[in-house]
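# Structural overview for review
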Amino acid sequence: MKFVYGPVPSRRLGRSLGINVIPFKTCNYSCVYCQLGKTTDMINERRIFFPKEEILGEVVEAIGKVEADHITFAGEGEPTLCKDLGWLIDRIKVCTDVPVAVLTNGSLLYRKDVREDLANADVVIPSLDAADEQTFRRINRPHRDLRMEEIIEGLEVFGREFGGKFYIEIMLVKGYNDDERSLLAIKSALERIKPDGVYLLTPTRPTALKVEPADEFGIVRAHAILGEVVDVVNPEVGEFSAECFSSAEEAVKALLRRHPMREDQLKDFLKKFGEDLSILERVEGIKRVEYMGRVYYIYR
Ligand code: SF4
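Quick summary incoming for the structure in this document. Predicted, not measured: the structure shown is a model, and the values here were computed from it. (Residues numbered from 1 in each chain as written. Predicted model: local features only at pLDDT ≥ 70, side-chain atom pairs only at ≥ 80, totals over all residues. Heavy atoms only, no water.)

### Observations regarding the sheet that holds strand S13 (residues 294–299)
With respect to topology, three strands assemble into an open sheet ordered S11-S13-S12, the strand pairing being antiparallel. Every other strand in the sheet has two partners, leaving strand S11 (261–262) and strand S12 (286–291) as the edge strands with one partner each. Sheet topology places S11 next to S13; two bridges connect them, and they run antiparallel. Opposite Arg262, over in S13, you have Tyr296 as the bridge partner. (Pairing = 2+ DSSP bridges. Helix = DSSP H or I, 4+ residues; strand = E, 2+ residues; numbered from the N terminus.)

Structure (C-alpha cells):
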C-alpha cells in the first residue's frame, strides 16, 4: 500500500493504523529531533498532494483486513499541509467506528480551515516543544512565516472549539528546551491552551541533528515546573498497575522509568508493598535528583 501502513504500536494510541498523506519530508518545520532527517521540502501553504479517492480506497481496504485501536494521520511530513485532510477524516468516520487521530505539529491551527478540517477527528495531538520565539526557532527550525505567539493562540482557540480528545506532546531535548526558562514559557502556554493532557517524550530514535534526550535532571525539572499533568511516555513500558508486579523492585523500576516521583509519593507507593526507601539500595539504576528543594527519584 502507498498511503496506509501498520498497524504499528504507538506510544499513545495503541495499535495504530497509520495514514501518510504527505510526500516524504514535506513540512513547515525541520525539527532537530526529526527521525526522518532534515526537511527537504519546506512549505507553509496547504496543497493537494495525492488523489484523495486513492487514499480513502486504501484506508477502506485496510480496515476490512486488520484490527486497530486508532486510524492515525501521521507519517512522513505535516498532515495539516494536506488540503484534503478534512474530506478524508469525514469519509473515514462514515466507514468505520475506529477512532480517528491526527498527530500534528500544531503550527497551522491558527487557520480556521485547518481547525474545521480537524473538527470531526476523535483525537488530536499537536506538539509544543517551545513557547518562546527563540527556543521555537532553535528546536523546530520553522518556516520563516510562522510565529510562536500565533501558534499558541491557534492551539488555544482549537482547544476551546474541539469536541474530541486534545493532548499536547512535548519532545524534551537536552540543551534545547529542558532549561527552566523554556519550561516556564511552555507552562504559561499550557495554562492558556488547557489541553486534556500533556505527553512528555524524549527522542528514542536516530534524529536529524545529533541531539540527546533530556537526562534525569531535565525530566525532573519538567515535572516540577509543568506539574502533575505531564506523563512521560516510554515505549518500553506498558500501562503501569501495582497489581501487575510480583515484587516491589520490579514495580519501582517500571514506575520510575515512566514517571519521576517525589520522595513523599514514592514512600507512599512503597508502603503498598510493605517496603520503604531502603529498597532503592537494592535496585540498580535509580537516581536521586534534587530540584527546587525537593527530592525526586528516577530510573534510567
Ligand atoms: S514537525 Fe514532525 S515531520 Fe516536521 S520536522 Fe518536526 S518532527 Fe519532522
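Text resumes after the structure shown.
### Focus: the packing of aromatic side chains
Describing an aromatic ring pair means giving the distance of the ring centres and the angle of the ring planes. Applying the stated criterion across every chain yields a total of six aromatic pairs. Ring plane angle 75° and centroid distance 5.4 Å describe the contact between Phe158 and Phe166, whose orientation is recorded as edge-to-face. For Phe166, a relative accessible area of 2% gives the class buried. Considering the side-chain rings of Phe269 and Phe273, the 5.5 Å spacing of their centres and the 65° angle between planes classify their relative orientation as edge-to-face. Look at Phe269 and you get buried, because its relative accessible area is 5%. (Phe/Tyr/Trp six-rings, centres within 6.5 Å; stacked < 30°, edge-to-face > 60°. Buried < 20%, exposed > 50% of the residue type's maximum accessible area, 1.4 Å probe, protein only.)

### Structural notes on helix H6 (residues 180–193)
If you check H6, its first and last C-alpha atoms are 20 Å apart, about what 14 residues at 1.5 Å a residue would give, namely 20 Å. Those residues of H6 that sit buried are Ser182, Leu183, Ala185, Ile186, Ala189, Leu190 and Ile193. All buried residues of H6 lie within an arc of 155° about the axis, which places them on one face of the element. Along its buried surface, H6 packs onto helix H4 (133–140), helix H5 (148–161), strand S8 (165–171), strand S9 (197–201) and helix H7 (216–226). One side-chain oxygen at the N-terminal end of H6 lies 3.3 Å from the backbone nitrogen of Arg181; it belongs to Asp179. Of the residues one or two after H6, Lys194 is the one with positive phi, at around 55°. (Expected span 1.5 Å × (residues − 1). Arc of directions from axis to C-beta. Contact = heavy atoms within 4.5 Å. Polar contact = N/O pair within 3.5 Å; in protein donor to acceptor, adjacent residues only side chain to side chain.)

Remember, this is a structural readout, not a statement about activity or role.
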